[in-house]
Amino acid sequence: MTISTDVPVAISTDAPVAAAAPEDEETSGADLVLPLVVVGAVGALAGYAYLRRTRRARTRTTPGGTRITPPAPPLTELDEDSRTLLAEADTWIRTSREELSFAEARSGPAAVAPFARAVRDAESELSAAFRIRRQYDAGVPPDEPSRRHALAGIVGRCQEAGRRLDEEAAALDQLRALEGEIGEALTVAETRFRELTGRAVATGTTLADLAERYAPSATAPVTGYAEQAKDRLVFATTHLNRSRQAVDSGEAEGAVRQLRAAEGAIAQAAAFVDGIDRLAAELGAAAGMVASALTGAEAELSGVRGVLPTAGEWQQPADAGTGAMTGAVPDAGAGTGTGAVPDTGAGTRTGGGGTAEDARAGTGPGAGADAVPDAVPDTGAGTTRGGGGTAEDAGRATRWSRLPDAALLGVPVGELRSRVLHADTVLTSVRQELTGGRPYDPLDVLRRIVRVLAPVATGRAGVLPAAARLAAGSATAVADTFVTTHRGSVGADARTLLAAARELLDAASLTDLVRAHTLARQARELAEQDVRVHGNPVAGAAEHEQGAAGAVLGGILLGEDADGGPPPSFGGPHTRARRGLTSA
């Protein structure tokens, strides 16, 4: 075996191997681009999918999902929000109506018709909201989910009223064109101002005359009106002058702001002066109506008194049984009964405890000669004794058929007699007051007459409904003027009662008209209480001299700044404060 002793030779790595290196580098660079693109796309898709999953999880309503809505607010919070919106919506409408009157004075009724329609639409929405509020206050609906729904309805109605006014605000600004043609609008405001100044001076004479002719209570509703009218006129003077000065210096926006403040003050001064003149006219009309109203009330009472049984008449015998009670005026078409108001169409209830069917058939424990009725049937009612009625029964039925007011059917005779006696007492007192030679309050006299007569007779004919409507209308107008001129501080409760009183003014019955009068007086009392609680919104003697305090209370200025804030304009929540008021 031969072993090689040659030196090992290294394998050559010449050109063929070296030439392949560049090709490998180029190939690896191209191969890296595609994977990077794929990875980026996958990352983007993964991110998008994550966002989708997160959004779905947040909006999921199935168990385990995240709730998107916060917990429902407490019912008390919703209640307070609805009250706030009711008061604000009422203020939007009152302010819009006032500015619209100035626009109409300059441009005419046809030009402002679309805006008047918007105000009426807003009033309709607000009226519906007030009705829901009254039902809510009365406990209807009773369950919490339904009450939440009712409050949501109030809020929705008020918001719709505001939206309707907001959408017309820009068009009204175009119609008035105050920034470019303020001169005519200033002339209209100044003309009204001068007329009101003369009328305000005359109110002193009017009030003095009323104080001499009538009792102090007659003029109590307008106490302080003359002074407040002058306060508003002082405020209007200041801002009319500032508006003129702004026009002369070329400050169009400032002139418009000052004019709107002056227009609001003029409108409220007119409300005070009109209130005094209206009350004077109403007192005169009431004084001329008192005598005929008193006579009509006495005639109504006489008709009721004529059908009442005399003392001891129709008394139940001692053995009438446990079912016999004090008689009652039966319902129309009812049979006789046991002292309570009988059901319509019911048969005779007998002292021995028999059923109505037994009595109709002449059978049962109380049938026969011992079955004595304890209520008087109306004409056409069922029989009073087992076999048939007597001439005496027929006479009683005929008497009740002459009852002046069918609404009294079913009222216990004792209660009806008590009502008549009370009415007699009040009417006697009224007659003595009228003949006593001392001044009296004719509106209060009418109120007392219709109030005491309402439980006894409806008074559908004659002067009584007119008297009731005059008294209720006067009280409602007084409350409305107070809310208008103090709307910056009057809350929703007073406005809700006032809206209810207004709706009842068209009623036909004395009861509804008396109710309207009561609601109006309650509204005025609540409004006065709100003003007292609110206090003086602007401190400082200088502000009082310029009438700023009264302007803020009256809503002429929005009260957002130390100087009273901007004046409101036609519109809803988003447009009413579009004219800021700068200090001059």
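Residues numbered from 1 in each chain as written. Predicted model: local features only at pLDDT ≥ 70, side-chain atom pairs only at ≥ 80, totals over all residues. Heavy atoms only, no water.

Explain the packing of aromatic side chains to me, please; I cannot follow it from the model alone.
Where two aromatic rings form a pair, the distance of their centres and the angle of their planes describe that pair. Applying the stated criterion to the full structure yields two aromatic pairs. With a centroid separation of 6.3 Å and 85 degrees between ring planes, the pair formed by Phe 115 and Phe 570 is classed as edge-to-face. A residue pair is termed long-range when its members are at least 10 positions apart, and Phe 115 in helix H3 (residues 109-137) and Phe 570 in the segment after helix H17 (548-553) qualify at 455 residues. Accessibility expressed as a relative area gives 5% for Phe 115, which makes it buried. Cation over ring: Arg 147 sits above Tyr 136, and NZ or CZ is 3.7 Å from the ring centre. If you follow Arg 192 out to its NZ or CZ, it ends over the ring of Phe 102, 4.4 Å from the centre. (Phe/Tyr/Trp six-rings, centres within 6.5 Å; stacked < 30°, edge-to-face > 60°. Helix = DSSP H or I, 4+ residues; strand = E, 2+ residues; numbered from the N terminus. Buried < 20%, exposed > 50% of the residue type's maximum accessible area, 1.4 Å probe, protein only. Lys NZ or Arg CZ within 6 Å of the ring centre and 35° of its normal.)

For this particular structure, what's the right way to read empty space enclosed by the protein?
In this approach, a probe sized like a water molecule rolls over the atoms, and the result shows the empty space that is left. Counted according to the given criterion, the structure contains two cavities of 30 Å³ or more. In this model, the second largest cavity occupies a volume close to 30 Å³. Together, Thr 95, Glu 98, Arg 260, Gly 264, Arg 487, Gly 555, Ile 556 and Pro 568 line the second largest cavity. Listed by contribution, the elements that provide at least two residues to the lining of the second largest cavity are helix H2 (75-107) and helix H8 (252-305). Among the residues making up the lining of the second largest cavity, the classes are represented as two nonpolar, three polar and three charged. (1 Å grid on protein atoms, 1.4 Å probe; cavity = no way out; pocket = protein on both sides within 12 Å on 5 of 7 lines; lining within 4 Å. Points joined across faces, edges and corners; volume = space filled by probe spheres on them. Nonpolar A, V, L, I, M, F, W, Y, C, P; charged D, E, K, R; others polar.)

Looking at this structure, I do not really get the packing of H2 against helix H5 (residues 178-213). What am I missing?
The packing of two helices is summarised by the inter-axis angle and the distance between the axes. For the pair H2 and H5, the least separation of the axes is 10 Å and the interaxial angle reads 100 degrees. Accordingly, the angle class assigned to the pair H2 and H5 is roughly perpendicular. Facing H2, whose interface residues are Ser 101, Phe 102, Ala 105 and Arg 106, H5 presents Leu 178, Glu 181, Glu 184, Ala 185, Val 188, Ala 189 and Arg 192. In terms of residue class, the contact of H2 with H5 is made up of six nonpolar, one polar and four charged. (Axes fitted to C-alpha atoms, helices over the stretch in contact; angles between N-to-C directions. Parallel < 35°, antiparallel > 145°, perpendicular 65-115°, else oblique. Contact = heavy atoms within 4.5 Å.)

Can you walk me through the side chain of His 486 in this structure?
Along the chain, the position of His 486 falls in the loop between helix H13 (464-485) and helix H14 (492-504). In this view, His 486 contacts Gln 228, Phe 272, Val 531, Leu 553 and Gly 554; residues no more than four positions away in its chain are not counted.

I'm lost on the nonpolar core in this one. Help?
Proteins that are soluble and globular tend to have nonpolar side chains buried together. Counting 77 residues, the largest nonpolar core has Leu 240, Leu 259, Ile 266, Leu 446, Ile 449 and Leu 464 as the members making the most contacts within it. Elements that contribute at least two residues to this core include exactly H5, helix H7 (225-248), H8, helix H11 (413-434), helix H12 (442-453), H13, helix H15 (510-534) and H17. Per-element accounting of this core gives the leading share, 23 residues, to H8. Ignoring sequence-local partners within four residues, the contact set of Leu 259 consists of Leu 178, Ile 182, Ala 185, Leu 186, Ala 189, Leu 240 and Ser 243. Counting 28 residues, the second largest nonpolar core, distinct from the first, contains Ile 93, Ala 116, Val 155 and Cys 158. (Core = buried A, V, L, I, M, F, W, Y, C linked by side-chain atoms within 4.5 Å.)

Any chance you could explain the layout of surface pockets here in plain terms?
There is about 520 Å³ of room inside the largest pocket. Lining of the largest pocket is provided by 21 residues; of these, Arg 94, Arg 97, Asp 480, Thr 484 and Arg 502 occupy positions nearest its centre. Elements represented by at least two residues in the lining of the largest pocket include exactly H2, H3, H8, H13 and H14. Take the lining of the largest pocket: its biggest share by element is six residues, from H8. Looking at the lining of the largest pocket residue by residue, the class counts come to seven nonpolar, four polar and ten charged.

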